[in-house]
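# Observations on chain architecture
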Protein chains: 2
Amino acid sequence: MSHTQALCRFLAALDYEQLPDHVLARTEDLFLDWLASALASQGAHPIPLFERYARKMGPATGPAQIIVNGASSSAYFAALVNAASSHLVEQDDLHNSSVLHAATVVFPAVFAAAQDLGKSGRELLLASVAGYEAGIRIGEFMGRSHYRIFHTTATVGTLAAAVAVGKLLDFNEEQFINLLGSAGTQAAGLWEFLRDAADSKQLHTAKAAADGLLAAYLTADGLTGARNILEGDQGLAAGMSTDADPSKLSDRLGSRWALLETSFKFHASCRHTHPAADALLGLMQREGLSHEQIAHVETRVHQGAIDVLGRVSVPQSVHQAKFSMGTVLGLIAVHGKAGLTEFQAFALNDSNVSAFRDKVGMTLDREVDGAYPQRWLGRVVLTTVDGRVLHGAIDEPKGDPGNTLSREELADKFQRLTRFSGARTPAQSGELIQKVWDLRNAVSLDHWL
Amino acid sequence: MSHTQALCRFLAALDYEQLPDHVLARTEDLFLDWLASALASQGAHPIPLFERYARKMGPATGPAQIIVNGASSSAYFAALVNAASSHLVEQDDLHNSSVLHAATVVFPAVFAAAQDLGKSGRELLLASVAGYEAGIRIGEFMGRSHYRIFHTTATVGTLAAAVAVGKLLDFNEEQFINLLGSAGTQAAGLWEFLRDAADSKQLHTAKAAADGLLAAYLTADGLTGARNILEGDQGLAAGMSTDADPSKLSDRLGSRWALLETSFKFHASCRHTHPAADALLGLMQREGLSHEQIAHVETRVHQGAIDVLGRVSVPQSVHQAKFSMGTVLGLIAVHGKAGLTEFQAFALNDSNVSAFRDKVGMTLDREVDGAYPQRWLGRVVLTTVDGRVLHGAIDEPKGDPGNTLSREELADKFQRLTRFSGARTPAQSGELIQKVWDLRNAVSLDHWL
């Protein structure tokens with residue numbers, strides 16, 4: 001039995017009763033965190049473009065809700081818009097070793113399909129777990145070489161979204177095999193956009209969720225796909241990876257819940273900046289330093305951070321600033337945090353932050369790089385204006401599984417994000433939070449939002 | 001100025017008045033040939049799956065026509081279904097040196113958008129030329145290494161479709177640059193499906209046309225894309241090619257009309273089988289041989305033919321049989337042709353054809369491979385049952401620019417294809433043919449079909 005077959009067999013057999021309570025609870029947390037990210041982007045470019053496209057090309061109304069505007073559409077367009085919107089503010093979850101932002105591709109697809117198909121909260125949760133478990137393993141399988149050029153959340157995200165919807169449709173092993181074929185052959189998304197501050201990151205997640213959903217609906221109707229799209233000679237790894245490891249596909253299926261390893265984002269920036277941000281913050285607090293006392297910060301990072309962040313020197317947009325190590329550390333040093341509010345107010349127009357940005361360097365560090373992507377270590381070497389050299393280090397950035405956000409912190413993050421965009425009042429947000437934490441008991445998701 | 005910029009500048013400036021009459025006439029021919037391919041697939045799996053998906057996810061009616069069923073939808077879904085359907089019977093055109101089937105991705109997108117936007121026949125033709133000229137050059141740019149794993153019509157097809165719709169939307173240079181970014185980052189499509197006789201080839205063209213159209217509409221509304229998606233360090237060539245040649249992107253812009261180099265398909269099979277099929281047919285006619293007199297045929301081919309056709313031994317479906325060199329040559333040897341009717345009747349169930357299939361081999365030939373992809377040479381070495389060794393050779397397969405189909409032959413092909421599916425009566429087809437040859441004078445394309 002191939003690793004792909006083993007994965008598909010597992011997905012087909014996966015049952016709600018198998019899911020431990022803490023896995024269910026964490027899935028609800030992840031759903032909550034995803035919803036906050038989507039709501040936080042309301043009205044922000046380029047989300048209205050996707051909303052208008054859905055209105056133009058889709059039906060006037062439909063069974064699936066569009067989060068940012070309260071409208072409805074077919075499942076396809078709801079998935080498209082909701083996936084674009086939930087990745088914009090860079091606050092959605094990330095799984096470390098796969099470098100996959102699972103929430104922003106899995107939940108938009110599975111939520112839209114669940115509303116379309118009249119499924120329950122339980123069914124939504126089970127399908128979401130399937131999407132996470134498959135997506136994370138496929139991301140790990142594709143390896144570091146893939147992520148160097150391809151945006152894994154876009155490429156692998158298509159498969160993760162497809163699997164989630166396939167589970168909702170109660171696929172058997174054979175259908176999952178075909179599904180992976182049809183989803184995998186649509187997998188796309190290149191990092192090239194980042195240096196230009198272009199809008200592709202939202203296009204990537206929009207398309208991954210929508211394409212995955214399309215693959216699942218067509219598979220349910222009988223479309224066949226390549227049986228070996230992951231491991232085959234003319235498949236995904238053959239075309240887009242040089243270090244693929246098939247054993248990752250079936251790694252501890254049923255005993256390892258990879259979903260639990262997902263990190264919540266605390267700072268509103270690219271996850272590659274978080275380890276250094278936390279290391280700097282800890283060091284400044286420990287030493288009682290202000291930003292004026294700092295002459296230089298050298299961040300010691302893994303290669304992936306350089307590949308992604310190395311493209312941005314002087315950021316041209318708030319979104320691009322989230323991929324600027326210097327800006328993130330500047331916000332931390334000058335304002336003590338790098339949340340949505342700080343980014344909006346200070347990332348581009350604060351001279352202290354800009355000045356600090358130019359004091360930050362990135363150097364490849366053998367230890368940090370060796371631990372990556374399983375562990376995202378934070379190491380900074382700080383030089384003070386009076387010539388002292390200080391070292392800061394953290395081993396688990398805030399939000400990592402071993403340093404995770406409590407439900408209180410998640411609720412606080414939800415409130416901050418919805419307040420940022422004005423999408424919900426605090427009272428409305430409070431109600432929505434409770435509703436998500438009771439998701440497993442929702443009999444219907446019809447007009448659920 | 002980069003090659004990408006030069007291409008975008010050319011596309012923005014391209015004017016109807018610049019198009020020589022023979023380019024316009026050939027574009028109408030290509031449109032006719034495309035329409036025949038779409039109509040020929042009516043009712044055949046997996047096209048109804050795409051029709052049902054469009055009905056489920058799209059509006060009940062819309063400005064754009066779905067060719068195979070006479071229904072209408074939004075431009076997005078019409079492009080999706082029409083592109084799936086026009087690639088199924090393997091009779092749509094091919095450009096040799098780019099290995100791009102341009103018609104099946106360019107025309108569905110541009111026709112749907114033209115109907116949506118209220119454009120004229122002239123505007124459709126101009127936009128189609130833009131799509132061909134860009135798509136062919138981008139295909140050549142991506143090189144042979146790309147085609148080894150990726151289905152160029154799917155990947156590059158996304159950009160070709162996008163450019164055509166962008167031209168219809170009257171994009172300027174800057175918009176074309178952004179458009180290539182948004183289209184290129186969606187480019188996907190792997191050959192892996194072929195060995196399993198899976199349905200992905202139709203999914204590929206459907207998605208290429210629809211994704212290209214999506215990129216163009218979003219770009220018109222202000223979505224930005226990577227400025228260097230083709231040549232950049234984290235772009236299309238970096239991720240999916242090892243022999244990309246940027247100079248191809250701007251090759252003789254305005255003086256070379258690459259569209260004129262497009263081949264029409266005579267046989268209803270993968271184009272890689274055509275050179276050998278024509279060489280065998282010529283040799284059998286010259287020597288007066290029947291299939292019973294032939295002991296073995298060794299086809300001497302380019303590597304691309306082995307990469308694509310080498311996956312199929314005993315075909316499991318009529319569609320897969322079109323990628324079986326032995327089956328195609330069997331149809332030629334036993335029935336004298338390999339058209340849609342012969343494939344349907346004899347490709348899987350004729351013992352003479354199956355027996356002949358097992359007598360056919362493929363060998364890489366240095367001369368043939370060296371000429372490819374600019375020229376697709378046909379070379380066969382035939383051994384008779386009485387021990388003679390005979391050589392067959394053709395330098396331009398039927399349908400190639402130097403051995404093209406006349407308007408009479410194109411009309412005959414149109415009649416054969418529409419008769420095959422029963423989509424149109426001979427009289428209706430006759431009218432449609434005349435209508436296409438007058439496309440440049442169509443003031444409106446509203447309900448044009």
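Residues numbered from 1 in each chain as written. Chains lettered and ligands numbered in written order. Predicted model: local features only at pLDDT ≥ 70, side-chain atom pairs only at ≥ 80, totals over all residues. Heavy atoms only, no water.

Turning our attention to the UniProt feature "domain: MmgE/PrpD N-terminal" (unreviewed entry) in chain A. When the UniProt feature table is mapped onto this chain, "domain: MmgE/PrpD N-terminal" (unreviewed entry) is found at residues 5-247 of chain A. Secondary structure across residues 5-247 of chain A comprises 62% helix and 2% strand; the distance between its end C-alpha atoms is 12 Å. (UniProt positions renumbered as here; feature names shortened; annotations may be inferred. Helix = DSSP H or I, 4+ residues; strand = E, 2+ residues; numbered from the N terminus.)

Our focus in this paragraph is the domain arrangement of chain A. All names here are of chain A. Domain parsing of chain A yields domain 1 (3-265) and domain 2 (271-398). At the junction of the two partners, domain 1 supplies 22 residues and domain 2 supplies 22 residues. Buried surface at the junction of domain 1 and domain 2, both sides included, amounts to about 1,900 Å², of which 61% is carbon and sulfur. The three residues of domain 1 that bury the most area against domain 2 are R144, L194 and R195, which together make up 30% of that side's buried surface. Where R144 meets D369, a salt bridge forms, and the shortest distance between an N and an O atom there is 2.6 Å. (Domains from an automatic or database assignment. Contact = heavy atoms within 4.5 Å. Buried area = accessible area lost by both parts, 1.4 Å probe. Salt bridge = Lys/Arg side-chain N within 4 Å of Asp/Glu carboxyl O.)

Attention now moves to the relation of the copies chain B and chain A. Once chain B has been moved 0.0 Å along the axis and rotated by 180°, it coincides with chain A to within an RMSD of 0.0 Å. Such values leave the two copies arranged in the relation of a two-fold axis. The residues that chain B uses at the interface reappear at the interface of chain A in 100% of cases, marking a shared surface. (Least-squares fit on C-alpha atoms with pLDDT ≥ 70 in both.)

This next bit is on the packing of aromatic side chains. All chains considered together, the criterion is met by 36 aromatic pairs over all chains. For the pair Y147 of chain A and W191 of chain A, a centre-to-centre distance of 5.5 Å together with 80° between the ring planes defines the contact as edge-to-face. On the criterion of sequence distance, the pair formed by Y147 of chain A in helix α6 (residues 121-149) and W191 of chain A in the loop between α8 (173-184) and α9 (200-220) is long-range, its members being 44 residues apart. Relative to F111 of chain B, the ring of W34 of chain B has its centre 6.2 Å away and its plane inclined at 65°; by these criteria the two rings are edge-to-face. Of this pair, W34 of chain B sits in helix α2 (residues 21-40) while F111 of chain B sits in helix α5 (residues 103-117), and the two are 77 residues apart along the sequence. (Phe/Tyr/Trp six-rings, centres within 6.5 Å; stacked < 30°, edge-to-face > 60°.)

With 62 residues of chain B at the interface, the matching set in chain A holds 62 residues. Carbon and sulfur atoms supply 60% of the area buried between chain B and chain A, which totals about 5,000 Å² over both sides. For the pair chain B and chain A, the interface holds 33 residue pairs in polar contact (both at pLDDT 80 or more). Looking at the side of chain B that touches chain A, the elements that each hand over two or more residues are α3 (47-57), α4 (75-85), α6 (121-149), α8 (173-184), α9 (200-220) and α10 (236-240) of chain B. (Polar contact = N/O pair within 3.5 Å; in protein donor to acceptor, adjacent residues only side chain to side chain.)

With that settled, consider the nonpolar core. Core analysis: the biggest nonpolar cluster contains 330 residues, and L213 of chain A together with L213 of chain B have the highest contact counts within it. For L213 of chain B, the contacting residues outside a window of four places in its chain are Y53 and M57 of chain A together with A75, Y76, A79, A109, A112, A113 and V165 of chain B. (Core = buried A, V, L, I, M, F, W, Y, C linked by side-chain atoms within 4.5 Å. Buried < 20%, exposed > 50% of the residue type's maximum accessible area, 1.4 Å probe, protein only.)

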